[in-house]
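Observations on chain architecture
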Amino acid sequence: MSATTDLTDPAVSKAEPAAADATRRRVDFGRFRDLSLVPAILVLGLIGFIVSPAFLTADNLIGVAQQSTELSLLVLATALILICGRMDLSLESTIGVAPVIAVWLVLPTSGARFTGLGLLPEWTAVPLCLLVGVVIGAVNGFLILKLRLNGFIVTLGMLTMLRGLQVALSEGQSIVELPPSFTYLGKSSWLGVPAAIWICVVLFAIGGSALAWLRHGRALYAIGGNPEAARTAGIRVDRIVWIVLILGSVLAAFAGILYSGHYGSISATQGSGWIFQVFAATVIGGVSLNGGKGSIFGALTGVLTLQLVVNVMTLAGVPALWNQFLNGAIIIVALIISRFASGEKQE
């Protein structure tokens, strides 16, 4: 018996360090993926400076950051939802319909180009907008988690329905007479920097910290990786996913507040087509469409990369009509890179 033990133990002792080294390599690679777009951002900065010296000016960089704020909130919401293995296409419509409903409930019935109900005080516009986001997320969660309907089809149908509601309530026109409380965050600056940028930095920091250190945040990875195993481990999968869907819709509604305040109006088509940019930024940021992988920092670098590409193209005189083609190409390239970099065997 002792001889057998002596022969076996060295093999085990050699296998354990090898497994540990492989684990460390996987962890290090995962961290590298979170930073993989940082060199691309630096290269874009260099190209932008070569194209136009105005690229590195404070006004241009702050402008790029502010233009990224609303999109970044949708990307934050999408990243959280994708990490837990779900998908929500209706975020594109929520950014438009939530502000429209809120303003429709508070603006007066006459004396303005847009006719509202005037049921509530104007200061309630922001809370109402966020409440609409809660309702949309809750309904999505009920249909997906309780009725067990396909999440892609549910959110696609919700996207279409909410878009129609937005156009109907706004009567197909832009709403330009907004309550002051509704435009404050989009127009204000704190310490010389737009308030929207500060808000996005704080929200991304909270989201990243929650995923890294909070038990419920880390549970999203377990749910996205293997929901059945997560249930076996005692994680309340449906409850957490429902909360994430609601949180995502609230972030989309809040993005609508920032966007409306920034431009001083609510367009009848606000948010239309944004879902393509959102998924492009999220995917190139390293968030897996299959769930269980990705980081908030990676998603943020995805947003910045897309916006810098657009900014450089604008400074170079490239027509904006090429932006949609570029977003699609970036998604495909990111998927190809992710496929080979993940080490998965091809069938």
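None of the values given here were measured: they were computed from a predicted structure. The numbering scheme is per chain: residues are counted from 1 as the chain's sequence reads. Totals for whole chains, interfaces and linings use all residues, but because this is a predicted model, local features are given only for residues with pLDDT of at least 70 and pairs of side-chain atoms are given and counted only at 80 or more. With hydrogens and water stripped out, all remaining heavy atoms of the structure feed into the side-chain values.

A few words now on the overall build of the protein chain. Segments assigned H or I by DSSP are reported as helices when at least four residues long, segments assigned E as strands when at least two residues long, and all are numbered from the N terminus. Per the secondary structure count, the protein chain includes 14 helices and two strands. Burial analysis of the protein chain (347 residues in total) assigns 45% to the buried set. We get accessible surface area from the Shrake-Rupley algorithm with a probe of 1.4 Å; when it comes to residues, only the shown protein chains can shield them. When the accessible area of the protein chain is evaluated, it comes to approximately 17,600 Å², of which 68% is carbon and sulfur surface. The buried label applies to any residue whose accessible area, calculated with a 1.4 Å probe on protein chains only, is under 20% of its type's maximum; exposed applies above 50%, and partly exposed to all values in between.

For Ser-93, the location among the structural elements is in helix H4 (residues 91-106). Two residues form a contact once any of their heavy atoms are found within 4.5 Å. In contact with Ser-93, other than residues within four places in its own chain, are Leu-159, Leu-162, Arg-163 and Gln-166.

Glancing now at the packing of helix H12 (residues 274-284) against helix H13 (residues 296-315). The axes used here are C-alpha line fits, helices contributing only the stretch in contact, and every angle between their N-to-C directions lies in the interval 0 to 180 degrees. The geometry of H12 relative to H13 is characterised by a closest axis approach of 7 Å and an angle of 120° between their N-to-C directions. With respect to H13, the axis of H12 lies oblique. Here H12 and H13 pass one another in a crossing that is right-handed. Counting all contacts with H12, which are made through Gln-277, Ala-280, Ala-281 and Ile-284, the residues of H13 involved are Ala-299, Gly-302, Val-303, Thr-305, Leu-306 and Gln-307. Here the contact of H12 with H13 is composed, by residue class, of six nonpolar, four polar and no charged. An angle below 35 degrees is treated as roughly parallel, one above 145 as roughly antiparallel, one from 65 to 115 as roughly perpendicular, and anything else as oblique. Should the near helix be turned anticlockwise from the far one by less than a right angle, the crossing is termed left-handed; should it be turned clockwise, right-handed. Residue polarity is assigned by list, with Asp, Glu, Lys and Arg as charged and Ala, Val, Leu, Ile, Met, Phe, Trp, Tyr, Cys and Pro as nonpolar; anything else, Gly included, falls into the polar class.

Before going further, it helps to spend a moment on the pattern of salt bridges. When the charged atoms of two side chains with opposite charge come close together, those side chains can pair. Salt bridges are identified by distance alone: a Lys or Arg side-chain nitrogen within 4 Å of an Asp or Glu carboxyl oxygen. Scanning all chains against the criterion turns up four salt bridges. Arg-231 serves as the salt-bridge partner of Glu-228, at 3.0 Å between the closest nitrogen and oxygen. With a gap of three residues between them, Glu-228 and Arg-231 both fall in helix H10 (residues 227-232), about one helical turn apart. With a shortest N-O distance of 3.1 Å, Arg-231 and Asp-238 are connected by a salt bridge. The structure contains a network of salt bridges with shared partners spanning Arg-148, Glu-228, Arg-231 and Asp-238.

Attention now goes to the packing of helix H5 (residues 125-146) against helix H11 (residues 237-263). The interhelical angle for the contact between H5 and H11, taken along N-to-C directions, is 145°, at an axis separation of 7 Å. Crossing hand, H5 versus H11: right-handed.

Turning next to the packing of aromatic side chains. Aromatic pairing here means that ring centres of Phe, Tyr or Trp (its six-membered ring) are within 6.5 Å. Orientation follows from the plane angle: under 30 degrees is stacked, over 60 is edge-to-face, and everything else is tilted. Applying the stated criterion to the full structure yields three aromatic pairs. Arranged with centres 4.8 Å apart and planes meeting at 50°, the rings of Tyr-259 and Tyr-263 form a pair that is tilted. One end of the pair is Tyr-259 and the other is Tyr-263, both in helix H11 and four residues apart, which spans about a single turn. Ring plane angle 85° and centroid distance 5.6 Å describe the contact between Trp-322 and Phe-325, whose orientation is recorded as edge-to-face. The exposure class of Phe-325 is exposed, given its relative accessible area of 56%. Each member of the aromatic cluster is reached from another via a ring pair, and the members are Tyr-259, Tyr-263 and Trp-274.

Moving on to unusual backbone geometry. The backbone phi angle of Arg-148 is positive, close to 60°, even though this residue is not glycine. Look at Leu-191: it is not a glycine, yet its phi comes out positive at around 60°. Within the secondary structure, Leu-191 is located in the loop between strand E1 (189-190) and strand E2 (193-194). Under the relative-accessibility criterion, Leu-191 is labelled exposed at 82%.

This brings us to the nonpolar core. Phe-182 and Leu-220 are the most contacted members of the largest nonpolar core, which has 78 residues in total. Examining the composition of this core, we find that twelve residues originate from one element, H11, more than from any other. Leaving out residues up to four positions away in the same chain, Leu-220 has contacts with Leu-80, Ile-83, Cys-84, Leu-211, Ile-240 and Val-244. By size, the runner-up hydrophobic cluster in this structure holds eight residues, among which are Phe-55, Leu-308, Val-309 and Met-313. The nonpolar core is taken to be a set of buried Ala, Val, Leu, Ile, Met, Phe, Trp, Tyr and Cys residues, with the residues joined through side-chain atoms within 4.5 Å.

Attention now moves to H11. Given a rise of 1.5 Å per residue, 27 residues ought to cover 39 Å, and the 39 Å separating the end C-alpha atoms of H11 matches this to within 8%. Trailing H11 by a residue or two, Gly-264 shows a phi angle of about 70°, which is positive. Expected span, for any helix, means 1.5 Å times one less than how many residues it has.

The next subject is the side chain of Thr-183. Relative to the helices and strands, Thr-183 resides in helix H7 (residues 180-187). Beyond its immediate stretch of four places on either side in the chain, Thr-183 contacts Leu-178 and Gly-261.

Below, the discussion takes up the environment of Gly-256. Among the structural elements, Gly-256 can be located in helix H11. Classification of Gly-256 by relative accessible area gives buried; the value is 0%. As for Gly-256 and Leu-74, which are separated by 182 residues in sequence, their C-alpha atoms are 9.7 Å apart. Setting aside chain neighbours within four positions, we find Gly-256 in contact with Ile-95, Pro-99 and Gln-270.

Let us look at a nonpolar patch on the surface. In this scheme, patches are assembled from residues that exceed 30% relative accessible area and form no salt bridge. Like charges are connected within 9 Å, while nonpolar side chains (Val, Leu, Ile, Met, Phe, Trp, Tyr) are connected within 5 Å. A surface patch of nonpolar side chains, amounting to about 500 Å² of accessible area, comprises Leu-46, Phe-49, Ile-50, Leu-56 and Leu-61. When residues of the nonpolar patch are assigned to their parent elements, the largest contribution, three residues, is made by helix H2 (residues 38-51).

The predicted structure's coordinates, where accompanied by low pLDDT, should not be read in detail. A score between 0 and 100, pLDDT records how confident the predictor is in each residue. Here the protein chain shows a mean pLDDT of 84. Residues at 70 or above account for 85%. Per-element confidence in the protein chain ranges from a low mean pLDDT of 46 for helix H1 (residues 2-34) to a high of 96 for H5.

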